[in-house]
Amino acid sequence: MTSKHALPSYLNPEDLGPWGVYLEQIDRVTPYLGNLSRWVETLKRPKRILTVDVPIERDDGTIAHYEGYRVQHNLSRGPGKGGVRFHQDVTLSEVMALSAWMTVKNAAVNVPYGGAKGGIRVDPKTLSRGELQRLTRRYTSEISMIIGPNKDIPAPDVNTNEQVMAWMMDSYAMIGGNMSTGVVTGKPISLGGSLGRRDATGRGVYVVGCDAAAKVGMAIEGAKVIVQGFGNVGGVAARMFAEAGAKIVAVQDHKTTVVHAGGLDIPRLLAHVAEAGSVEGFPGAEAFLPREDFWGIDSDILIPAALEQQITAERAHKIRAKIILEGANGPTLPAADDILTERGVLIVPDVLANAGGVTVSYFEWAQNFSSFFWTEEEINSRLTRIMREAFDAVWQVSQEKKVSMRTATFILACTRVLQAREVRGLYP
């Protein structure tokens, strides 16, 4: 994706990747920002980008080097907040875009954070547990000067988990010489993690999905749902929709698409994936389809919960769902967005739909500061309230401005970010 924007020298204008998608989204929201548009360039330039070399000693004694990033997009509303992903295709453009979407997401649900994101360009499946720990600790040491409970708070993302967060927290404590549980979120419960955090993103997708269905007169009970990605987000969302009476008719993961017209047995499928590592070979399937056939399956609700840039213009023409709930970050390209909107498909964007994770991360951070922990029932209740209030606010803007839910979310969030930027002013 090329761009008409003035670009920094470290990006390729002929191939902007996910950052180009984000810039196009900002262009679409700019006409709705009024006098605040004078500050809009703030949103097109990350505040801070740290690129680090992450060397480790492999188990065989060789030294391996990996690229690492931490990007702080905007800190006008509070400290940076965003996950860390370990993936072989991580790029600077991707991490920049993810950090910017975190800025929008945090402002959309009105939690007091800016946006940040981190990543290492590595396939973690090629590392032993010891190598993974050494990689995590070295990366933490390399970015330690810009993270902290009042600076920037990492969390789990693709291929990272509670254990990785525990290693990050411990490394930060060793470097600083003091215990600071609030430096990361998504930690194990034994180290100050929050109840409800593991299911939070998927639960948020479910909550806004129910509200979206109500807006278009769709009953959840009996609704046909298809899910791309069956990890922590897609799996939890599928389970909750199934518990509410929806039929999960297809699930796609990195290996195959599993289908059952009458509805897959989700608890049984989750157990199969936990043991086999994939939906492949699930004995409760009616059929296994080629990957591309997934997009044309008859459905009421589609949940893309894998990686970014999955819904292309070509695939948008195939999709038969009435509602799309973006569990993944940046799964829909702008051209596909336009096609689906013109077809009357209601898209609840990533910066709203998957904000449940960062909302409960906020709860975890607050609990760490007070050393007073809430019950899971309290957390789920507060999460539901925040997600529903955010959905209602975005829906109202969408109806008033006659724009898509994505543009409405950006209007609401970017207004909050730029109001903070304007009030704070420039220093010095």
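Whatever comes next refers back to the structure up there.
A word on the sheet that holds strand β8 (residues 257-259). Here seven strands make up an open sheet; going across it, the order is β9-β8-β7-β6-β10-β11-β12 and the pairing mixed. Pairing within the sheet leaves two strands with one partner each, and these edge strands are β9 (287-289) and β12 (346-348). Adjacent strand axes in the sheet meet at a mean angle of 20°, parallel and antiparallel pairs treated alike. In this sheet, β8 lies alongside strand β7 (residues 247-252) in antiparallel orientation, the contact comprising three bridges. Within the sheet, the bridge partner assigned to Q252 lies in β8 and is T257.

Further remarks concern the packing of helix α12 (residues 376-401) against helix α13 (residues 405-424). Running from amino to carboxyl end, α12 crosses α13 at an angle of 110°, the nearest separation of the two axes being 8 Å. With respect to their mutual orientation, α12 and α13 come out roughly perpendicular. Counted together, F391, A393, V394, W395, V397, S398 and K401 of α12 and M405, A408, T409, I411 and L412 of α13 form the full contact between these two elements. For the contact of α12 with α13, a count of residues per class yields nine nonpolar, two polar and one charged.

Let's shift gears to the layout of surface pockets. Empty space within the second largest pocket amounts to approximately 370 Å³. Mapped onto the lining of the second largest pocket, the elements with two or more residues apiece are β2 (63-74) and α13. Among the residues forming the lining of the second largest pocket, the class breakdown is five nonpolar, five polar and four charged.

Here we come to the packing of aromatic side chains. Taken as a whole, this structure holds ten aromatic pairs when the rule is applied. Measuring from ring centre to ring centre gives 5.0 Å for Y206 and F241, while their planes differ by 80°; the resulting arrangement is edge-to-face. With Y206 in helix α5 (residues 200-215) and F241 in helix α6 (residues 232-243), the pair connects residues that are 35 residues apart, well separated along the chain. Judged by its relative accessible area of 0%, F241 is buried. Taken together, a centroid distance of 5.1 Å and an interplanar angle of 85° make the contact between F294 and W295 edge-to-face.

With that settled, consider the environment of V164. Mapped onto the fold, V164 is located in helix α4 (residues 162-176). Look at V164 and you get buried, because its relative accessible area is 2%. Once residues lying within four places of it in the same chain are set aside, the contact partners of V164 are F86 and T136.

What the five strands build is an open sheet, ordered β1-β2-β4-β3-β5; its pairing is mixed. Of all strands in the sheet, those bounded by a partner on one side alone are β1 (48-57) and β5 (152-156). The mean angle between the axes of side-by-side strands here comes to 20°, regardless of whether they run parallel or antiparallel. For strand β3 (residues 80-87) and strand β4 (residues 114-121), the ladder comprises six bridges, and the chain directions are parallel. Each bridged residue has a counterpart across the sheet, and for V84 the counterpart in β4 is G118. With respect to the sheet, α4 is in contact with β3 and β5, its orientation differing from that of β5 by roughly 150°.

This paragraph deals with the side chain of R197. Residue placement: R197 occurs in the loop between α4 and α5. E364 provides the closest opposite charge to the buried, salt-bridge-free R197, at an N-O distance of 4.8 Å. Residues in contact with R197, not counting those within four places in the same chain, are A155, P156, G186, G357, V360, S361 and E364.

Criteria and thresholds
- Residues numbered from 1 in each chain as written.
- Predicted model: local features only at pLDDT ≥ 70, side-chain atom pairs only at ≥ 80, totals over all residues.
- Heavy atoms only, no water.
- Pairing = 2+ DSSP bridges.
- Helix = DSSP H or I, 4+ residues; strand = E, 2+ residues; numbered from the N terminus.
- Axes fitted to C-alpha atoms, helices over the stretch in contact; angles between N-to-C directions.
- Parallel < 35°, antiparallel > 145°, perpendicular 65-115°, else oblique.
- Contact = heavy atoms within 4.5 Å.
- Nonpolar A, V, L, I, M, F, W, Y, C, P; charged D, E, K, R; others polar.
- 1 Å grid on protein atoms, 1.4 Å probe; cavity = no way out; pocket = protein on both sides within 12 Å on 5 of 7 lines; lining within 4 Å.
- Points joined across faces, edges and corners; volume = space filled by probe spheres on them.
- Phe/Tyr/Trp six-rings, centres within 6.5 Å; stacked < 30°, edge-to-face > 60°.
- Buried < 20%, exposed > 50% of the residue type's maximum accessible area, 1.4 Å probe, protein only.
- Lys, Arg positive; Asp, Glu negative; His and termini not counted.
- Salt bridge = Lys/Arg side-chain N within 4 Å of Asp/Glu carboxyl O.

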